[in-house]
Amino acid sequence: MTQTNTPTTDASPALTQDQLKTLVGQAALQYVVPGEIVGVGTGSTVNKFIDALATMKDQIKGAVSSSVASTERLQALGIPVFDSNEVARLSVYIDGADEIDGHGNMVKGGGAALTREKIVAAQSDRFVCIADESKLVQTLGAFPLPVEVIPMATQRVIAQFAAQGGSAKVRLKDGHPLVTDNGQFIVDVTGLQITDPRAFEAEVSQWPGVVTVGVFAFQRAQVCLLGTANGVKTLTF
Ligand code: 5RP
């Protein structure tokens with residue numbers, strides 16, 4: 001991992017987490033290629049990026065989006081959204097993360113959009129992760145790991161994680177299982193230490209009923225723009 005700093009210009013008081021998200025959302029514009037379609041993730045940090053992207057909407061063709069929420073935000077700002085099937089390749093995908101390690105491996109899915117996020121990341125040449133520094137970890141696993149599952153497999157998947165020492169719970173919304181954009185459920189798993197993210201992703205992805213596991217090792221980030229008290233740090237992996 002290599003690291004460069006873009007310091008903030010003044011010695012103002014510590015920035016809030018929301019301000020750090022704005023900072024990295026704006027910094028991500030430098031990776032958007034004029035004349036092209038950009039891959040857009042999901043979450044509160046990406047919302048800042050989408051708002052910044054609106055300032056250069058006349059210079060891009062549009063976006064491929066990873067969720068209904070991002071699509072609605074992009075369209076409300078006048079940015080055309082393309083179906084991923086209409087686009088062969090994207091040069092860049094910009095998204096947040098719940099955790100990122102020193103190799104660009106991530107845990108994602110806090111916003112329940114992990115499946116579409118992995119699809120758009122897979123069709124992109126470069127993943128640029130935008131996050132505040134609280135997301136940088138030594139080992140993945142402290143943040144509950146989201147896994148999208150087909151509802152009838154939920155208890156079986158929970159039992160498989162229990163056999164590995166993890167504790168999995170169905171994510172709820174208003175007292176009922178949250179239903180993803182794809183009509184599936186999410187289980188969140190705690191108690192894991194993911195020391196080999198590629199092996200873990202490869203194994204869990206094969207469990208019957210698992211749609212997507214929220215470890216992004218095969219679709220890891222090549223760049224991370226990290227919002228810190230001293231400005232935006234650029235990590236390259
Ligand atoms: C959504 C995601 C998000 O990228 C992740 O949860 C980070 O979100 P935020 O920027 O709100 O902290 O994976 O499924």
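None of the values given here were measured: they were computed from a predicted structure. (Residues numbered from 1 in each chain as written. Predicted model: local features only at pLDDT ≥ 70, side-chain atom pairs only at ≥ 80, totals over all residues. Heavy atoms only, no water.)

Engineer: So what's going on with helix α5 (residues 154-163)? Which residues, and what values?
Structural biologist: When we look at burial in α5, the residues that qualify are T154, V157, I158 and F161. Buried residues along α5 cover an arc of 100° about the axis, so they all sit on one side. Facing away from the buried surface of α5 by more than 90 degrees, the exposed residues are Q155 and A163. Structurally, α5 contributes buried residues whose contacts are with β9 (145-149), β10 (167-170), β13 (185-190), α6 (197-204) and β14 (210-213). (Buried < 20%, exposed > 50% of the residue type's maximum accessible area, 1.4 Å probe, protein only. Helix = DSSP H or I, 4+ residues; strand = E, 2+ residues; numbered from the N terminus. Arc of directions from axis to C-beta. Contact = heavy atoms within 4.5 Å.)

Engineer: Residue-level account of the packing of aromatic side chains, with values.
Structural biologist: For the structure shown, the criterion picks out two aromatic pairs. Between Y93 and F127, the ring centres sit 5.0 Å apart and the planes meet at 90°, which makes this aromatic pair edge-to-face. Here F127 lies in strand β8 (residues 127-132) and Y93 lies in strand β5 (residues 93-95), a separation of 34 residues in the sequence. According to the relative accessible area criterion, Y93 is buried, its value standing at 0%. Residue classification places F127 among the buried positions, given a relative accessible area of 3%. The side chain of K108 reaches across the aromatic face of F216, ending 5.5 Å from its centre. We note K118 situated over the ring of F216; from NZ or CZ to the ring centre the distance is 5.0 Å. (Phe/Tyr/Trp six-rings, centres within 6.5 Å; stacked < 30°, edge-to-face > 60°. Lys NZ or Arg CZ within 6 Å of the ring centre and 35° of its normal.)

Engineer: Lay out the site of the ligand in plain terms, naming residues and giving numbers.
Structural biologist: With respect to spatial proximity, 16 residues lie near the ligand, and among them S44, T45, D98, G109 and K135 are the closest. Within the contact set of the ligand, an oxygen atom lies 3.0 Å away from a backbone nitrogen or oxygen of T42. One nitrogen or oxygen atom from the side chain of E117 is found 3.1 Å from an oxygen atom belonging to the ligand. Within the complex, the protein chains bury 91% of what would otherwise be the 380 Å² of accessible surface of the ligand. Taken together, the residues of the shell around the ligand break down into three nonpolar, eight polar and five charged. (Near = heavy atom within 4 Å. Polar contact = N/O pair within 3.5 Å; in protein donor to acceptor, adjacent residues only side chain to side chain. Areas by Shrake-Rupley, 256 points an atom, 1.4 Å probe, with all protein chains shown as cover. Nonpolar A, V, L, I, M, F, W, Y, C, P; charged D, E, K, R; others polar.)

Engineer: I'd like to hear about unusual backbone geometry, residue by residue, with values.
Structural biologist: With a phi angle near 65°, A112 is a residue other than glycine that sits in the positive phi range. With respect to the secondary-structure elements, A112 resides in the loop between β7 (106-107) and α4 (114-122). Looking at A112, the relative accessible area reads 11%, which means it is buried. Phi at D174 takes a positive value of approximately 50°, unusual for a residue other than glycine. Within the secondary structure, D174 sits in the loop between β11 (172-173) and β12 (176-177).

Engineer: Which residues make up the side chain of E117, and what values do they have?
Structural biologist: Position of E117 among the secondary structure elements: in helix α4. What makes E117 buried here is its relative accessible area of 3%. Every residue in contact with E117, bar those within four places of it in the chain, is listed here: T42, S66, Y93, D95, K108, G109 and F216.

Engineer: If you had to explain the packing of helix α1 (residues 17-27) against helix α2 (residues 44-53) to someone new, which residues and values would you point to?
Structural biologist: Following both chains from N to C, one finds α1 and α2 inclined at 50°, their axes separated by 8 Å at the closest point. One way to sum up the angle between α1 and α2 is to call them oblique. In the packing of α1 onto α2, the handedness of the crossing is right-handed. Contacts between α1 and α2 involve D18, K21, T22, V24, G25 and Q26 on the former and, on the latter, S44, T45, K48, F49 and A52. Its residues assigned to classes, the contact of α1 with α2 comprises three nonpolar, five polar and three charged. (Axes fitted to C-alpha atoms, helices over the stretch in contact; angles between N-to-C directions. Parallel < 35°, antiparallel > 145°, perpendicular 65-115°, else oblique. Left-handed = near helix turned anticlockwise from the far one by under 90°.)

Engineer: So, the nonpolar core: which residues are in play, and what are the values?
Structural biologist: Among soluble globular proteins, nonpolar side chains are generally buried collectively. Of all hydrophobic cores here, the largest spans 26 residues; its most connected members are V38, V40, F49, L53, I94 and L225. Elements that contribute at least two residues to this core include exactly α1, β2 (37-40), α2, β8 and β16 (223-228). It is α2 that provides the largest number of residues to this core, a total of five residues. Setting aside anything within four residues of it in sequence, one finds V38 in contact with V32, F49, L53, I60, G62, A63, V64, L90, V92 and I94. (Core = buried A, V, L, I, M, F, W, Y, C linked by side-chain atoms within 4.5 Å.)

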